[in-house]
Amino acid sequence: MNYLEIKDLRAQIEDKEILRGLNLTIPKGEVHAIMGPNGSGKSTLSKVLAGHEDYEVTSGSAILDGEEILGMKPDAISRLGLFLAFQYPLEVPGVSIANFIRAALQGRLAENETIDAVGYYKDLYGCMDELGIDRKFTSRSVNEGFSGGEKKRCEILQMAMLKPKYCILDETDSGLDIDALKIVAKGVNQMRNPDRGILVITHYQRLLEYIIPDKVHVMWEGGIALTGGKELALELEAKGYDWVREELVA
Amino acid sequence: MNSLDNGSSVNTESVDSFADESLFRAFAEERSWEPGWMADFRKESWEYYRAHTSPVHKDERWRFSPQARLSLSAFAPPSGTNDESTSVIDSSEEDLKEKGVTLGLFSEVLLNNPTVLEGLSNLKGPNLGADKVHFLAQAFSGHGIVLHVPKGVTLEKPIMVRHLAPPDGRVRFYRTIMILEEGANATLVETFISPNNQDASVVCSAANVVANSNAKATRILVQDLNRNSSFYQLDTKQACRDAGVRCCSLHLGSAQSRFENLAIAAEEGAEIDLLGLSVGKGTQLFDQRTRQLHLAPNGRSDLLYKNALLDQSKAVFSGIIKVEAQAQQTDAYQTNRNLLLSPEAEADSLPGLEILANEVKCSHGSTIGEIDEEQLFYLLSRGISKASAEELLVNGFLDEVLKRLKNEELADLLREHLKGKFSR
């Protein structure tokens with residue numbers, strides 16, 4: 001029950017198959033990283049798991065703590081405990097961060113329950129302080145006019161507030177300078193615990209210096225081609241993705 | 001219950017009880033206590049109504065409008081016996097009398113302080129298509145609100161007025177007369193609601209807002225009638241020298257509504273903000289016509305109308321900026337934005353400019369956009385249900401208009417009404 005288990009996942013967009021029989025299991029308590037070249041299907045995997053309707057799943061399963069999530073609506077998947085930190089977080093004009101996160105938490109309650117506003121703001125400010133986000137941001141529109149670093153921190157803030165069982169971070173390091181990267185990594189590390197599985201998707205090894213993974217997977221042409229320990233990331237960095245190609249041919 | 005939404009106009013002109021002389025006479029008879037000039041004005045208006053031809057199908061001012069839905073023909077004219085006032089004024093402002101402010105229901109003021117209304121016949125309607133309905137409002141008005149603020153007087157708190165729509169099968173004409181003398185400052189908030197969820201009635205609100213030199217007038221209208229009702233908003237706003245008029249209409253209710261807004265920058269330095277928000281659900285119709293008229297130099301007018309349309313709802317916007325030759329250095333802007341939240345929702349937008357002066361800054365823009373699927377996915381991916389996500393996105397879309405009010409208290413008031421729209 002304590003796994004996000006993906007089996008033989010095949011998915012396509014506009015008749016182009018992107019995921020080609022992918023297998024991956026993320027147990028709670030572990031941090032896994034997926035590395036891979038552009039176009040290998042990393043972002044597609046994260047969107048398919050989050051329930052994006054542009055992708056058609058043609059076979060396979062994704063079981064979250066015993067429940068099949070493929071075919072479920074994105075909001076239901078989220079409420080079940082999966083969180084996707086977006087590579088390109090969207091701007092939502094006119095919707096404040098405070099209202100946005102509150103709506104997300106409200107969505108997890110029964111219809112007749114409402115969120116205690118005092119406790120909510122206490123939690124929110126606590127998380128914002130940890131992530132070095134100015135409290136004034138609560139009234140700013142979600143991601144509107146944010147810098148790249150602010151957007152990614154805002155993603156981690158949402159993750160911290162929603163306390164998901166499984167987190168997928170899609171290229172959270174892209175567009176970040178080293179200071180922003182460290183803050184984001186710190187936020188992720190604080191969320192590591194035995195009841196939570198984390199999947200970090202990245203193109204570069206750099207992020208994994210700050211978020212040390214338990215396992216590293218290399219994605220290649222829509223599947224997991226290699227799996228190893230954290231040292232695999234260093235090897236990839238040193239040898240480049242062409243090395244994977246040669247390994248696979250050999 | 002009257003069915004308005006029959007889509008047919010075959011019978012609209014065949015029986016016109018508003019043109020019936022005996023009914024008008026009976027109405028006038030019941031109001032024989034009114035001053036003579038008022039009786040004359042009613043009669044004259046009623047005669048104009050009778051003489052005026054109805055807009056024909058090709059009338060540009062009714063383009064894209066399913067006119068039959070807005071017909072009054074199924075409704076009876078008001079009469080004294082079934083037209084009791086159901087409006088309530090709520091003002092916490094003190095010393096109104098000492099300050100020389102006149103505030104009261106239309107009929108009350110007509111009875112107790114008629115001199116305030118002596119200029120009534122000079123206050124014209126917007127006449128952007130529903131001219132006949134405005135003549136009826138002049139002839140049959142028994143309701144509404146009068147606010148006259150003397151020179152230099154500022155009312156700190158908004159005057160709140162709640163109007164209850166008439167019972168089933170009735171039409172009711174309201175006049176709003178808001179006149180601010182030189183340097184005066186006041187805010188009027190009017191809310192129209194229905195007595196229940198069933199009664200099909202028509203509310204016609206004909207307002208004139210006049211801000212004399214250096215005066216600042218703010219007028220908010222909230223239309224939250226039930227979904228069997230029809231609503232006409234026929235407004236004329238006029239700003240004189242260096243005066244400011246800021247108006248906002250929030251339309252949430254009614255099966256169909258037509259709102260006409262004429263804003264006149266009458267003297268040098270006049271500033272007018274026209275704001276509109278509508279949220280449509282089901283088969284609701286919002287038919288919006290505006291005219292920003294610049295008669296004098298150095299004026300500014302800025303219009304922002306936003307419509308969020310769900311289900312099969314429909315909005316029509318048609319607006320003109322008219323700048324007369326003498327109105328140099330005018331800044332006039334007009335923006336209409338429509339957000340379609342359903343593939344069956346519909347918006348038509350016809351912005352326009354008519355500029356006779358040569359040194360002006362004018363622009364118009366309109367957009368009809370659908371909800372951004374990626375944005376929606378982002379909200380859903382946080383566990384927000386589709387309905388809540390739509391509510392958030394609509395509120396976010398409309399927030400720009402509320403911010404333009406530059407008054408958080410009033411904006412919050414409108415946000416409360418918006419919340420109600422989604423809880424139904």
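The structure under discussion appears in the preceding block.
Now for a quick tour of the structure. Going along each chain's sequence as written, the residues are numbered from 1 onward. The order in which chains are written sets their letters, starting at A; the order in which ligands are written sets their numbers, starting at 1. A pLDDT threshold of at least 70 governs which residues receive local features in this predicted model, and a stricter bar of 80 or more applies before side-chain atom pairs are shown or counted, although totals over entire chains, interfaces and linings include all residues. Processing note: side-chain calculations cover all non-hydrogen atoms of the structure and skip hydrogens and water entirely.

1. Considerations on the layout of surface pockets
Then, in step 1: Of the voids in this model, the largest pocket is the one considered here, and its volume is about 1,400 Å³.
Then, in step 2: Lining the largest pocket are 39 residues, with Asn99 of chain A together with Glu391, Leu392, Asn395 and Lys419 of chain B sitting closest to its centre.
Then, in step 3: Broken down by secondary-structure element, the contributors of at least two residues to the lining of the largest pocket are β7 (92-96) and α3 (97-106) of chain A together with α6 (386-404) and α7 (408-423) of chain B.
Then, in step 4: Secondary structure elements follow DSSP: runs of H or I no shorter than four residues count as helices, runs of E no shorter than two count as strands, and numbering proceeds from the N terminus. Top element by residues in the lining of the largest pocket is α6 of chain B. It accounts for 10 residues.
Then, in step 5: When residue character is reported, Ala, Val, Leu, Ile, Met, Phe, Trp, Tyr, Cys and Pro are called nonpolar, Asp, Glu, Lys and Arg charged, and the others, Gly included, polar. Here the lining of the largest pocket is composed, by residue class, of 12 nonpolar, 14 polar and 13 charged. Points on a 1 Å grid over protein atoms alone make up a cavity when a 1.4 Å probe fits among them but cannot get out, and a pocket when they form an open set with protein on both sides within 12 Å along at least five of seven lines; lining residues each have an atom within 4 Å of a point. Grid points are joined across faces, edges and corners, and a volume is the space filled by probe spheres set on the points.

2. Let's talk about the environment of Arg42 of chain B
Residue and element names in this part refer to chain B.
Then, in step 1: Its place among the elements puts Arg42 in helix α2 (residues 36-51).
Then, in step 2: Only protein chains enter the accessibility calculation, which uses a 1.4 Å probe; a residue is then buried when its area is under 20% of its type maximum, exposed when over 50%, and partly exposed in between. For Arg42, a relative accessible area of 2% puts it in the buried group.
Then, in step 3: Between the C-alpha atom of Arg42 and that of Lys403, which follows or precedes it by 361 residues, the distance is 40 Å.
Then, in step 4: Every residue in contact with Arg42, bar those within four places of it in the chain, is listed here: Phe24, Phe27, Arg31, Glu34, Phe106, Leu110, Gln138, Ala139, Phe140 and Ser141. We call two residues in contact when some of their heavy atoms are within 4.5 Å.

3. Describing the sheet that holds strand β9 (residues 230-239) of chain B
All names here are of chain B.
Then, in step 1: One bridge is not enough; two strands pair if DSSP finds at least two bridges between them. Taken in spatial order, the nine strands make up an open sheet running β2-β3-β5-β7-β9-β11-β13-β15-β17, and their pairing is mixed. Every interior strand has two partners, whereas the edge strands, β2 (102-105) and β17 (346-355), have only one. Neighbour-to-neighbour, the strand axes of this sheet turn through a mean angle of 5°, independent of strand direction.
Then, in step 2: In terms of strand pairing, strand β15 (residues 314-323) meets β17 through 10 bridges, oriented parallel. Bridge pairing in β17 links Ile321 to Leu353.
Then, in step 3: In this analysis, axes come from line fits to C-alpha atoms, helices being fitted only over the stretch in contact, and the angle between any two N-to-C directions falls in the range 0 to 180 degrees. Here helix α4 (residues 131-140) sits on the sheet in contact with β5 (171-180), β7 (202-211) and β9, set at roughly 85° to β5.

4. Considerations on the interface of chain A and chain B
Then, in step 1: Facing 31 residues of chain A, the contacting portion of chain B comprises 18 residues.
Then, in step 2: By buried area we mean how much accessible surface two parts lose on assembly, using a 1.4 Å probe and totalling the loss over both. When chain A packs against chain B, the two sides together hide about 1,800 Å² of surface, and 66% of this comes from carbon and sulfur.
Then, in step 3: Looking at the side of chain A facing chain B, the largest losses of area belong to Phe86, Leu90 and Phe100 of chain A, adding up to 26% of the total buried there.
Then, in step 4: Salt bridges are defined by distance alone: a side-chain nitrogen of Lys or Arg within 4 Å of a carboxyl oxygen of Asp or Glu. Joining chain A to chain B, the criterion identifies one salt bridge.
Then, in step 5: The closest approach of N and O atoms between Arg382 of chain B and Glu155 of chain A, which form a salt bridge, is 2.6 Å.
Then, in step 6: Polar contact is the term for a pair of N or O atoms within 3.5 Å; when the atoms are in protein, one must be able to donate a hydrogen and the other to accept it, and sequence-neighboring residues count only if both atoms are side-chain atoms. The tally of links from chain A across to chain B stands at 14 residue pairs in polar contact (both at pLDDT 80 or more).
Then, in step 7: Only α1 (42-50), α2 (74-80), β6 (82-85), β7, α3 and α5 (148-162) of chain A provide two or more residues apiece to the side of chain A that touches chain B.

Keep in mind that these numbers describe shape and distance, not what the molecule does.
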